[in-house]
Amino acid sequence: MNDTKTGAKCSQLRKEGSPQNVHAEHGEYARAHIPARIPETDNTNAYESKSGLLEAIVSRDNMNEAFKRVKANKGSHGIDGMGVDELLQYLKENGETIKQSILDGTYRPNPVRRVEIPKEGGKKKRNLGIPTVVDRVIQQAISQVLTPIYEKQFSENSYGFRPKRSAHYAIRKSQTNIKEGYTYVVDMDLEKYFDTVNQSKLVEVLSQTIKDGRVISLIHKYLKAGVVVRHRFEDTEIGVPQGGNLSPLLSNIMLNELDKELESRGHRFVRYADDLLIFCKSRRSAERTLENIIPFIEKKLFLKVNREKTVVDEARKVKFLGFSFYAKKGETRVRIHPKSIAKMKAKVKELTSRSNGMGNEERAEKLRRYIMGWINYFKIADMKSLLQSTDEWMRRRIRMIFWKQWKRVKTKYEKLKSLGIQEQKAWEYANTRKSYWRTSNSPILSKSLGNNTLKGLGFLFFSDYYRQVTA
C-alpha cells in the first residue's frame, strides 16, 4: 500500500460524503421482500454502557486473537486494497487510534466490496460482501466475545457455523429423526435470506441479550456500512452482508428466533444456517406445519419464504447439505445427492481438461486439494462404488492428457518405450489414428501409465484418500 497513515487511502475512519451515495437500482433487490420497519429500543443508545462488553471486544488479548484468525484465513482485500500481509504494520501504526474511536462511538466501518459468485447450477449469482481486512479484525473480535454468550441460548437442533458442530452432525440427527418414524419433511427455503434480513428486527433481537448499547451501535454501523458495486456506493437498508466474519453469528441469532418457535410448538427439526428441515410423521402433518409456520416467519421475523422452492416430501427425496437419505435392510442410510455428484464430476472434468493450460504438477496439486476437501465433507455417505467408477473415469482423462501432450509420433514412441512398452507395440500405438479419448482406454496406456505410475507423478485418487480417512 502507498500510505498507511490515518486519513490516507486505507484509513478506516470514513469521512462524511465519500463516496457519493447511490441507492441500489432495480434488479437484484427489485423483488426483495421489504418488511415493515421496527422502531429501535432505547438499548441502541451508543453511549449506554451496562456491561463493559465493548471494552472486552477491544481488549488487547481479544484483538490479537482476532488478528491471528484473520491472517490465518487470508482472503481477498476490501475496497481499500489492503491485503492481510499489510495488516500487521497498519495496526501497529493505527491500532490505538482505531480502538479509541470504537470506544468513543466515532468509528465508521468501510463499505464492503461486492463480489458475485455462481450458485449451484451456474445460472444465478450469490452476493458476497468482502469487508476491509481491518473491519474483518473488528468483526472477528466482536464475534469472539458474543459467541460464548449466544451459544448458551442456541438450539440443540442448530448446527451451522457453531463451535464443535458441523454438517455431519446435522445429517446424523436427520438420520435419527427418519429412523424414529419422522419420514416426511418440510424442506424450507428462505428467499435470499442474507439479502433480506430486517436490520431493525435483528437489532431488536440483539438488544434482548446485549445490554451494552455501544456494541449494538457498532454492529448496526456494520449493517448500514453500505456496499461498493463497480466503484459505486449503494446503501444497505436491509440484509446482512454475506462474507463478513460477523455474518454467520448474526444469521444464527436471527434464526434462533425461529428455532425457539419451532421448539415451543413441539416440532422436530434440523437447521444448518438457513437450510432447514422440519420432520413430521405424515404428509398431511407436514403440510399443516408449513401452513402454520409461514405467518410467523413472514409477519414476525419479516423474512420471505420461497414458496416455489419450499417443498413437502418424503425425507428420502430431498437434498440436504449435498446429501440424501435412503432405506436399506430397514436402516436409514446416507448417500451423496445426484446433483452433488454431477457438480463433483464437472469440477474434475474442468481440472482434467486437455486445454486448460495447466502443467501436470499444477493439475495434480489442484486435483489433490479438491479430492481431499470433497472426501472430508462427504465421507459419512455410502460411496465406495461411486468412488471406484469415478477414479477409473478420472484416470482415463489423465492418460488422455498425457497422450495429447506427447503429440508427435516419435515422442509417443519414445515415451511408451521408456515406460516399459516393447518397441513393436510402442511403434504401433505411436502411429494410431484413433481419437485421444479412445486411445486413453487402451491396454497399452493402462499399462504404461498405470495407477502406480500416475501416483508417482503426484496424482491422488478418491478411493485411496477415502480409505485413509475412514480406516
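Each chain carries its own residue numbering, running from 1 in the direction its sequence is written. Two thresholds apply to this predicted model, a pLDDT of at least 70 for residue-level local features and 80 or more for giving and counting side-chain atom pairs, whereas whole-chain, interface and lining totals are computed over all residues. Neither water nor hydrogens contribute to the side-chain values; these are computed over all heavy atoms in the structure.

- Under the annotation held in an unreviewed UniProt entry, the protein chain carries the name RNA-directed DNA polymerase and is attributed to Gordoniibacillus kamchatkensis.
- UniProt positions are given in the numbering used here, feature names are shortened, and annotations may be inferred rather than shown by experiment. In its Sequence similarities (unreviewed entry) section, the UniProt record describing the protein chain reads: "Belongs to the bacterial reverse transcriptase family."
- Its UniProt record gives the protein chain the following Catalytic activity (unreviewed entry) comment, quoted word for word: "DNA(n) + a 2'-deoxyribonucleoside 5'-triphosphate = DNA(n+1) + diphosphate".

## Quick word on the overall build of the protein chain
Then step 1. Scanning the protein chain from N- to C-terminus turns up 19 helices and ten strands.
Then step 2. Taking all 471 residues of the protein chain together, the buried fraction comes to 49%.
Then step 3. Look at the contacts in the protein chain between residues 6 or more apart in sequence, and 75% of them connect residues 24 or more apart. Here a strand is any run of E in DSSP of at least two residues, a helix any run of H or I of at least four, and the numbering for each starts at the N terminus. Think of it in three bands: with a 1.4 Å probe and only protein chains considered, a residue is buried below 20% of the maximum accessible area for its type, exposed above 50%, and partly exposed in between. Residue contacts follow a heavy-atom distance rule, with two residues in contact if any of their heavy atoms lie within 4.5 Å.

## Remarks on the pairing of strand β10 (residues 331-336)
Then step 1. Only one face of β10 is buried: it carries Thr 332, Val 334 and Ile 336, and the other face, with Glu 331, Arg 333 and Arg 335, is open.
Then step 2. Taking the residues between adjacent antiparallel strands as the criterion, strand β9 (residues 323-328) and β10 are bridged by two residues, where Lys 329 takes a positive phi near 55°. DSSP bridges decide pairing: two strands pair if at least two such bridges lie between them.

## Considerations on the sheet that holds strand β7 (residues 275-280)
Then step 1. One open sheet accounts for four strands, arranged β6-β7-β3-β8; its pairing is antiparallel. What marks the edges here is a single partner per strand, and that holds for β6 (268-272) and β8 (311-314). Averaged over all neighbouring strand pairs, the angle between strand axes comes to 20°, with direction disregarded.
Then step 2. In terms of strand pairing, β6 meets β7 through five bridges, oriented antiparallel. Bridge pairing in β7 places Arg 268 opposite Phe 279. Under this scheme, a helix contributes an axis fitted over its contacting stretch, all axes are lines through C-alpha atoms, and angles between N-to-C directions fall in the 0 to 180 degree range.

## Let's talk about the sheet that holds strand β2 (residues 125-130)
Then step 1. The strand order across the open sheet built from four strands is β2-β1-β4-β5, with neighbouring strands paired in mixed fashion. A strand with exactly one partner marks an edge of an open sheet, and here the two such strands are β2 and β5 (232-234). Each neighbouring strand pair of the sheet contributes to a mean axis angle of 40°, computed without reference to strand direction.

## Notes on the environment of Leu 202
Then step 1. Tracing the backbone through its elements, the reader meets Leu 202 in helix α7 (residues 199-207).
Then step 2. Between the alpha carbons of Leu 202 and Leu 255 there is a distance of 9.7 Å; along the sequence they are 53 residues apart.
Then step 3. Beyond its immediate chain neighbours, meaning those up to four positions away, Leu 202 contacts Val 197, Leu 223, Val 240, Leu 250, Ile 253 and Met 254.

## Here's the deal with the pattern of salt bridges
Any two side chains of opposite charge can pair, on the condition that their charged atoms come close.
Then step 1. Salt bridge, as used here, is a side-chain nitrogen of Lys or Arg placed within 4 Å of a carboxyl oxygen of Asp or Glu. Scanning the entire structure with this criterion turns up 23 salt bridges.
Then step 2. Between Glu 365 and Arg 369 there is a salt bridge whose closest N-O contact spans 3.4 Å. Pair noted here: Glu 365 and Arg 369 are both in helix α12 (residues 360-378), with a separation of four residues, about one helical turn.
Then step 3. Because the salt bridges share partners, they merge into one network encompassing Glu 55, Asp 212 and Arg 214.

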